[in-house]
Structure formats: C-alpha cells, structure tokens
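# Examination of the molecular architecture
Given next are the chains, with one letter for each unit.
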Amino acid sequence: MAEELRNYSARKLEERLTVANKIIGDSTKLLEGRVSRVSLRGPFPLDSFVVLILLLSALSLGTACGRTSAAPSIPSPEVEVATVLQKDVPIVSEWVATLDGYVNAQIQPQVAGYIIHQTYKEGSFVRKGQVLFEIDPRSFQALLDQANAQLAQTQAQLGKTQMDVDRDTPLAEAHAIAQSQLDNDIQANRAAAATVKAAEAQVEQAHLNLDFTNVRSLIDGVVGIAQVQMGNLVNPTTVLTSVSQINPIKAYFSISEQEYLHYAERINAEAQKARPSNGPPFDLILADGSVYPLKGFGLLTNRQVDVSTGSIQVVCSFPNPQSYLRPGQFGRLRAAADMKPGALLVPQKAVSELQGSYQVAVVGLDNKVSIRDVKVGNRVGPMWIVESGVKPGERVIIEGLQRVQSGATVKIKQLQTKGD
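All values derive from a computational prediction rather than experimental measurement.

Rules used in this analysis
- Residues numbered from 1 in each chain as written.
- Predicted model: local features only at pLDDT ≥ 70, side-chain atom pairs only at ≥ 80, totals over all residues.
- Heavy atoms only, no water.
- Phe/Tyr/Trp six-rings, centres within 6.5 Å; stacked < 30°, edge-to-face > 60°.
- Helix = DSSP H or I, 4+ residues; strand = E, 2+ residues; numbered from the N terminus.
- Buried < 20%, exposed > 50% of the residue type's maximum accessible area, 1.4 Å probe, protein only.
- Lys NZ or Arg CZ within 6 Å of the ring centre and 35° of its normal.
- Salt bridge = Lys/Arg side-chain N within 4 Å of Asp/Glu carboxyl O.
- Core = buried A, V, L, I, M, F, W, Y, C linked by side-chain atoms within 4.5 Å.
- Contact = heavy atoms within 4.5 Å.
- 1 Å grid on protein atoms, 1.4 Å probe; cavity = no way out; pocket = protein on both sides within 12 Å on 5 of 7 lines; lining within 4 Å.
- Points joined across faces, edges and corners; volume = space filled by probe spheres on them.
- Nonpolar A, V, L, I, M, F, W, Y, C, P; charged D, E, K, R; others polar.
- Pairing = 2+ DSSP bridges.
- Axes fitted to C-alpha atoms, helices over the stretch in contact; angles between N-to-C directions.

What follows covers the packing of aromatic side chains. On inspection of all chains with the given rule, the structure shows 7 aromatic pairs. Seen in terms of ring centroids, Trp 95 and Phe 253 are 5.2 Å apart; in terms of plane orientation they differ by 35°. Their pairing is tilted. Of this pair, Trp 95 sits in strand β2 (residues 85-107) while Phe 253 sits in strand β9 (residues 241-256), and the two are 158 residues apart along the sequence. A residue is classified by how much of its surface remains accessible, and Trp 95, at 10% relative accessible area, is buried. Using a relative accessible area of 4% as the deciding quantity, one classes Phe 253 as buried. When the ring of Phe 253 is compared with that of Phe 282, the centres are 5.8 Å apart and the planes differ by 50°; the resulting orientation is tilted. With Phe 253 in strand β9 and Phe 282 in the loop between α5 (257-269) and β10 (283-285), this pair connects stretches of sequence that are 29 residues apart. By the burial criterion, Phe 253 is buried, and Phe 282 matches it. Ring pairing ties together the aromatic residues Trp 95, Phe 253 and Phe 282, which thus form one cluster. Between the NZ or CZ atom of Lys 250 and the centre of the ring of Tyr 102, over which it lies, the distance is 5.0 Å. Above the face of the Trp 384 ring, Arg 379 is positioned so that its terminal group lies 4.1 Å from the ring centre.

The structure is reproduced here in structure tokens:
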C-alpha cells in the first residue's frame, strides 16, 4: 500500500513540474516579445529583465524541490486476528417440524339421536371413559324394555317345553306314549332355549345402545371444541369433537433421500425398538425463538420416500408434562447427527464472500497478508468449518479486513485479557 502511494505521488509531481515549466516558458516568450517591442520604442533595462528571469527560475526550482521531497510514510493498518483451530466438532442440522398428538381420537356417536347435553369444558383435559355428550335416551330405553319383554316370553316358552319333556320322558319309557312325541318335546325345548339366547342378545344390544347415548372419551388427553350444538341430530358418521394425547407429543419432519441413505444403517438397526437409543437428542426451537427445555428422541421413520418431494418422514417424541406443546405447532428441530474429526475452524467474520467464492486473509510470521480462497463447510455456532485453504495454527484477520490487501504489512492488535 505504501509503495503504491509513493508511485502515485511521483506521478503527480512530474505532472506539476511539466505545468510549471510550461508556465516559465510562456512567461519567457512573453517577456522577450515585450523586450522586442520596448527596444523598438526605446531602451529596456537589461538588469530588470535578468532579475525577472532569476525570480521565475527560483520559483520553478522551489516548486520542484518542494514537490520532489519524499511522501510521508503511511502507518501499517492495525488488525485483529484469530488462530485457526483444529478439533472434533459435532455437525448440527436443523429441520422444520410440525407437532401432533401422540394419539388423536375423533369422537363420534355409535347411535343416532339428538344431542341433549354437553358435559365437558372445551379445551380441558379429560380422562378415558369420561362422558362428553349425551344423546336423548328415551327411544333406546323403550327398545330395552321391549327386548326384556321378549326375553321373558321366550323364557316362559322354554319353561313350558322343559315341563313337556319332564312329563313325557317316563311315559315314553313305560311305552304309555309314542317315542316320537317325546322327541318332539325335546326339539321344542331346544328351540325355546335358542330363542331365549337370541332374546338375551337383543337385551344386551339394547343395553349397549342405551349406554351409547353417553358419548365417552376414548383416551386421556386434551379435548377440542365441539363440532355440534345442543339439539343437533347426529349419527355414527358425525364427528362431535377430537381428543389428543399430548404427553408425550410427536414432532414430524422430513429428510431428503440423500440424508436417509447416509443414516439408513443406523435407522434400520433401531427400527424394532419401542424407543431407539442410538440416535442423538433433539432440541425443539419454538416459533418465538425459545428452546423447549426438554429433549426429544427419534421414534420412527416412515415406510416410503414421497415420490413427489423425494423426502421421507421422520417422527420424534418430546415429553410434555405441562401440556406446553400443542398439536399443530411449528418449530425447528436441531440435532448433532454427525461428528467431524479434526475439523479446521475459523470465526465466521473472518470469511468474506465474493461472487460465490469465499476468502480469508492470512497473516504470516512476517505480518504480511495473504488473501486465500477457501472451501467452507458447515457452520458451528460462531465458527465456520474450512475444508481447504488454511492450516492449523495460522492467523486469520477477523477485524480490519477491509483495510488490507494481499502483500501488505499489518500491525496486530494486542487483545486485552479479562484481567486487564
């Protein structure tokens, strides 16, 4: 930088000397013309002419001497440097995730009827078997009463046929009646017994239908907003509400086919376990930028790659004892899925990007700067992994990078320690 400034000053000096010499020459010609004209008109004082020429020459020499003096040296710029580190670092990846209940149950009635009562508070926690809705039970109570009456009739018929069998058995043995009559009595008794069983089944079904008028939760979980109002006519295809088990809660995300192939051996080795133990823990970054305090773990990988996106879905699970997480939330999952041994690390602010290429300024032992192209990899916190272009222990500029160029000499700042 200093050498270029000296060359620039020399060029400007030559230009100014040329202009000054031209002015002197023009002035000399002008004076000579005036002398000629004066000589025609009368005597010109020669000593005045000589004095004028000497003054102009002194002015030219003074200007030349002032301009040819050496330009003041420019001090070397001060920069801050950092040492290239080499160590094993975890490679952290992030994915966009969607939360969903561990189990989601749609609550639908099993009988048709009119809703007469909603017995839960929307958005609250409910237990398995808790009544959520009541359907008008009167018609189902009537069907139960009718089934009980039919059961009583069949039981009476069974009793009669049993009496016929008991009465005719000794008579048939004494040959007082035909054996065929006893056989008819026995078959009638068996038919009556079967009729009783059918009637009992009808009573059981009527009991179930009457019980189904109380629509219950199928799981423990948080219940949603009701989709029906009081007085609505519902049937078994009507969705009344939904209940989600949210402790634990699932997080769904997708990885590319290339990522899957990289982790396929590890994924398949853990596929049969209820809770895989070989995977890394997951952090969940919520929409407001906060990190969920509890760690998650990988749960399963879907059976196929999506042909439209070329990705495969992965599911992980997070404990959620305070019900802080809810289905439908978005977040980012972060996990250190790989470890890179012997990685070279430089601060991110030491790397400059220019038209898709990356450069760092390396300061040698003689404090001269060398601008190098580098190949960068993953970012690790405030550091950047450099695949090639630097060596461990070299110094790279992290502050003052804009004031230096390749080959320039710099002055390294003495960084203060915490004790200073």
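In this section: the pattern of salt bridges. Inspection of every chain in the model, using the stated rule, returns 14 salt bridges. A salt bridge links Lys 411 to Glu 78; its shortest N-O distance comes to 3.7 Å. Of the two residues, Lys 411 is situated in strand β19 (residues 411-412) and Glu 78 in strand β1 (residues 78-83); the sequence distance between them amounts to 333 residues. Given a relative accessible area of 34%, Glu 78 falls into the partly exposed group.

Membership of the largest hydrophobic core comes to 26 residues, with the highest contact counts inside it found for Leu 132, Phe 133 and Val 243. Elements with a contribution of two residues or more to this core: β2, β5 (131-135), α3 (138-173) and α4 (179-212). Counting residues per element, this core draws most heavily on α4, at 5 residues. If sequence neighbours within four positions are ignored, Val 243 has contacts with Val 103, Asn 104, Ala 105, Ile 107, Val 126, Leu 132, Ser 217, Ile 219, Gly 221, Val 222 and Val 223.

With that out of the way, let us pick up the layout of surface pockets. Leftover empty space is mapped by rolling, across the atoms, a probe with the size of a water molecule. Looking at the largest pocket, its volume works out to about 460 Å³. Lining the largest pocket we find 21 residues, and of these Ile 267, Phe 282, Gly 298, Thr 301 and Val 314 sit closest to its centre. Breaking the lining of the largest pocket down by element, the ones donating at least two residues are β9, α5, β11 (297-306) and β13 (330-347). Here the lining of the largest pocket is built from residues that sort into 14 nonpolar, 5 polar and 2 charged.

Within the open sheet, the 4 strands sit side by side as β6-β5-β3-β8. Their pairing is antiparallel. Bordering the open sheet on either side are β6 (214-216) and β8 (233-234), each of which pairs with just one other strand. Pairing of strand β3 (residues 113-118) with β8 involves 2 bridges; the strand directions are antiparallel. In the strand pairing of β8, Tyr 114 is matched with Leu 233. Its contacts with the sheet place α4 against β5 and β6, and it is angled at close to 70° to β6.

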